[in-house]
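Architecture at a glance
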Amino acid sequence: MTKPTTGTFFGHPKGLFLLFGTEMWERFGYYGMRALLVLYLVASVQDGGFGWTNAEALSLYGTFTMAVYLTPVIGGWLADNFIGQRKAIIIGGIIFSLGYFTLGIPKSMLVGMEETVFYIGLTLIVIGNGLFKANVSSLVGDLYEDGDHRRDGAFTIFYMGINLGAFLAPITVGVLGEQVNWHYGFILAGCGMLIGLSLQLLFAKKYLGDIGIEPSAKRTDGKQEAHAPLTSEDFDRMKVILIMSMFSVIFWAGFEQAGGLFTIYASDFTDRTIFGMEVAASSFQSLNAMFIIMLAPVVASVWVKMGSNEPTSPKKFALAMVFLALGFFVMLWATMVQGGDVTVKVSMLFLVFAYLFHTLGELCLSPIGLSMVTKLAPLKFTSLLMGIWFFFTALSNWLAAFIGSFVGEGQEMVDNAANIFMGVGSAALVTGIIIFLSAGKLVQWMHGAEGDDSHGLEDKIEEEIAVTGTHEGISEKQ
C-alpha cells in the first residue's frame, strides 16, 4: 500500500484534513437531518409535517437510529472483503445524498405517496451510513505507519471534525427546516453530504494515494492470527465486555433522549426567546457538540492532576451514570416548575444544564467504549465482540425511543415527562451505584488490561476529545 507523498500540514499528512472535511460535512448532513426528524413527524399536516403522535414519531426515530448503528458493521465487512474503503465511501456518499434529497421532495409532488417516499429516503440514509461511516474512520489510521506517534493526534483532529459538523448542523439545517420549510432543511443536509462526497472525488487520489482501494482482507502483513484455546483470563475479560455493554444500554438510552423527548420538550414547553429572538427547538442539539469541544481538555486535565487517584474505567463508567441522572433530575425540576400546566414555558437553562451534565457523562464513558473491546477481546473474537457492542448500542437507541414514547399527548405530557425523567434518572443512579460497587471485581477480571499507558496530559486530552464512543460508531483502532 503506497502512502501519499504530498507533504504535511501542521505536521500531519494532508490526507488527514481531506478526511476531516469529508467527515465534517457528512456529519453535518446526518445531524441536521436527525435534528429535524421527530419535529417534522409531529408537525401538523397544515404546517408541512405528517401529524404523527409523539409515540409514533419516537418509535420511528428509535427504529431508524437502531438501524444506523447496525449497518456500519455490515458496511465495514463489505469494504474489508470485497469493495475496499474508498469505493464504499463513494457509493455510500451517493446513496446518503439520494436519501436526503428524497426527504427533500415537496409533499405536493407526492400526493398519495408521501409516507412511502419518506420511508425510501430513510432507508437510503441507513444504507449510505453503513457504507460510509465505518470506512472513513479506518482510512485515518491507514495514513500512518505502525508505531507513528502522530496517530492518536490524528484521530483527535478527525473527531473534532465530527463535533464541528454536529455543532453546525442543528443551528443551520435545523433552523432552516423549522422556520422556513422542512424540505429545505433536508435539502441543505443533502448539500452538506454532496460537499463531503465532492471532496473525496476531487482530492482523494492526490492526497490518499492508493490507501483504501484494495480490500484489506486481500492485503497481507505477514502476521498469523492466534488460534490458541481461550484461557480463564480471556473468559474473564469477555465477561467484562458483556457486562459493560449491557450497562451501557442504560446510559445511551438516556443520552439519546436528545434527539427525541428533549427535542419535543424544547419545542412545546421551553421559553426559547432570547434577546427578542426565538431559538429553534432543534438548535439545542448543538449543545452536546459544543460542550464536548469546550470540556474535553478540562476533563482530561482533571484526570491527569488526580495522578494515582484517577478513577478506574468502571468507576468512570459509574460517574457517567451519576451525571446522566443529574441531567434527568434537572429536567424533573423543570416539570416541577410547570406544575402540570402545559401552558407554562420553562427557562431554556434547564435544557442547557441537562445537556451539560449528559456531556460530562459522555466524557467519562465514551473513551472506554470500543477501546475497551479492542483491549480486552481475544484476537480471534475481536470482530464478534465488536459486533455485540454495536448490538447493544442499537438496542439502546430503540429503548430510548420506547421510553420517550410514553410522554403521550396534550395535557398529560407534563406529568408523563416528569415520570420519565424521574424513572430514567433513578435507574441511572442505581446503575451507577451497582457499577461502583462492582468496580473492584471488574478491574480484577481485566487482568492488567486496565493499565496506565497514557501518562501525559497531551495523551489524555487526545483520548478524551476523541469521544466517539458508541454514538459515533467506529473505533480508531479498526
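Look a little higher up for the structure.
Our subject in this report is the structure included herewith. (Residues numbered from 1 in each chain as written. Predicted model: local features only at pLDDT ≥ 70, side-chain atom pairs only at ≥ 80, totals over all residues. Heavy atoms only, no water.)

1. Focus: the nonpolar core
- With 118 residues, the main nonpolar core has M33, F64, F118 and F421 as its most contacted residues.
- With 13 residues, the single largest contributor to this core is helix α1 (residues 14-42).
- Leaving out residues up to four positions away in the same chain, F64 has contacts with Y30, M33, L37, L122, I125 and V126. (Core = buried A, V, L, I, M, F, W, Y, C linked by side-chain atoms within 4.5 Å. Buried < 20%, exposed > 50% of the residue type's maximum accessible area, 1.4 Å probe, protein only. Helix = DSSP H or I, 4+ residues; strand = E, 2+ residues; numbered from the N terminus. Contact = heavy atoms within 4.5 Å.)

2. Thoughts on the pattern of salt bridges
- Summed over all chains, the structure comprises six salt bridges.
- Its salt-bridge partner being R27, residue E26 comes within 2.6 Å of it at the nearest N-O pair.
- The class of R27 is buried, set by a relative accessible area of 3%.
- Two residues, R34 and E256, come together in a salt bridge whose shortest N-O distance is 3.1 Å. Taken together, the residues span a long stretch of sequence, with R34 in helix α1 and E256 in the loop between α7 (232-255) and α8 (261-269) at a distance of 222 residues. In terms of burial, R34 and E256 fall into one category: buried. (Salt bridge = Lys/Arg side-chain N within 4 Å of Asp/Glu carboxyl O.)

3. Observations concerning helix α11 (residues 349-365)
- Over its 17 residues, α11 extends 24 Å from the first C-alpha to the last, a length consistent with the 24 Å expected when each residue adds 1.5 Å.
- Taken across its 17 residues, α11 has 12 buried, putting it largely inside the fold.
- Here α11 has its buried residues at F350, L351, A354, Y355, H358, T359, L360, G361, E362, L363, C364 and L365. (Expected span 1.5 Å × (residues − 1).)

4. Remarks on the layout of surface pockets
- By volume, the second largest pocket amounts to about 290 Å³.
- For the second largest pocket, the lining is made up of 19 residues, of which L39, A43, W182, S267 and D268 are closest to its centre.
- Mapped by element, the contributors of at least two residues to the lining of the second largest pocket are α1, α5 (151-179) and α8.
- The leading source of residues in the lining of the second largest pocket is α8, at three residues. (1 Å grid on protein atoms, 1.4 Å probe; cavity = no way out; pocket = protein on both sides within 12 Å on 5 of 7 lines; lining within 4 Å. Points joined across faces, edges and corners; volume = space filled by probe spheres on them.)

5. Observations regarding a nonpolar patch on the surface
- A cluster of nonpolar side chains, L70, F391, L395, W398, F402 and F406, forms an exposed patch at the surface whose accessible area comes to about 560 Å².
- By residue number, the principal contributor to the nonpolar patch is helix α13 (residues 382-404), which donates four residues.
- Tracing the chain through its elements places L70 in helix α2 (residues 54-83).
- Overall, the relative accessible area of 34% leaves L70 in the partly exposed class. (Patch = residues over 30% accessible without salt bridge, like charges linked within 9 Å, V, L, I, M, F, W, Y side chains within 5 Å. Areas by Shrake-Rupley, 256 points an atom, 1.4 Å probe, with all protein chains shown as cover.)

6. Quick word on the packing of aromatic side chains
- Inspection of every chain in the model, using the stated rule, returns 30 aromatic pairs.
- Taken together, a centroid distance of 6.1 Å and an interplanar angle of 55 degrees make the contact between Y40 and F118 tilted. Remark: F118 occurs in helix α4 (residues 114-142) and Y40 occurs in helix α1; sequence separation between them is 78 residues.
- Of the residues examined, Y40 reaches a relative accessible area of 2% and is grouped as buried.
- Measuring from ring centre to ring centre gives 5.5 Å for F96 and Y100, while their planes differ by 10 degrees; the resulting arrangement is stacked. With F96 and Y100 both in helix α3 (residues 85-103) and four residues apart, this pair spans about one turn of that helix. Neither F96 nor Y100 differs from the other in exposure class; each is buried. (Phe/Tyr/Trp six-rings, centres within 6.5 Å; stacked < 30°, edge-to-face > 60°.)

7. Some points on the packing of α7 against α11
- Packing of α7 against α11 brings their axes to within 11 Å, and their N-to-C directions diverge by 150 degrees. The angle between the axes of α7 and α11 places the two elements in the roughly antiparallel class. The chirality of how α7 crosses α11 is left-handed. For the pair α7 and α11, contact is made by F251, W252, G254 and F255 and by H358, G361, E362 and L365, respectively.
- Considering only residue class, the contact of α7 with α11 consists of four nonpolar, three polar and one charged. (Axes fitted to C-alpha atoms, helices over the stretch in contact; angles between N-to-C directions. Parallel < 35°, antiparallel > 145°, perpendicular 65-115°, else oblique. Left-handed = near helix turned anticlockwise from the far one by under 90°. Nonpolar A, V, L, I, M, F, W, Y, C, P; charged D, E, K, R; others polar.)

8. Observations concerning a negative patch on the surface
- A surface patch of like charges, here negative, comprises E56, E115, E409, E412 and D415.
- Structurally, E412 can be placed in the loop between α13 and α14 (413-446). (Lys, Arg positive; Asp, Glu negative; His and termini not counted. Charge placed at Lys NZ, Arg CZ, Asp CG, Glu CD.)

9. Some details on α1
- Taking 1.5 Å as the rise per residue, α1 with 29 residues should run 42 Å; its terminal C-alpha atoms sit 44 Å apart, in good agreement.
- At L36, α1 shows its maximal bend, which comes to roughly 30 degrees.
- Of all the 29 residues making up α1, 24 are buried; the element is thus mostly covered by neighbouring parts of the structure. (Bend = angle between axes of the 7 residues up to and from the residue.)

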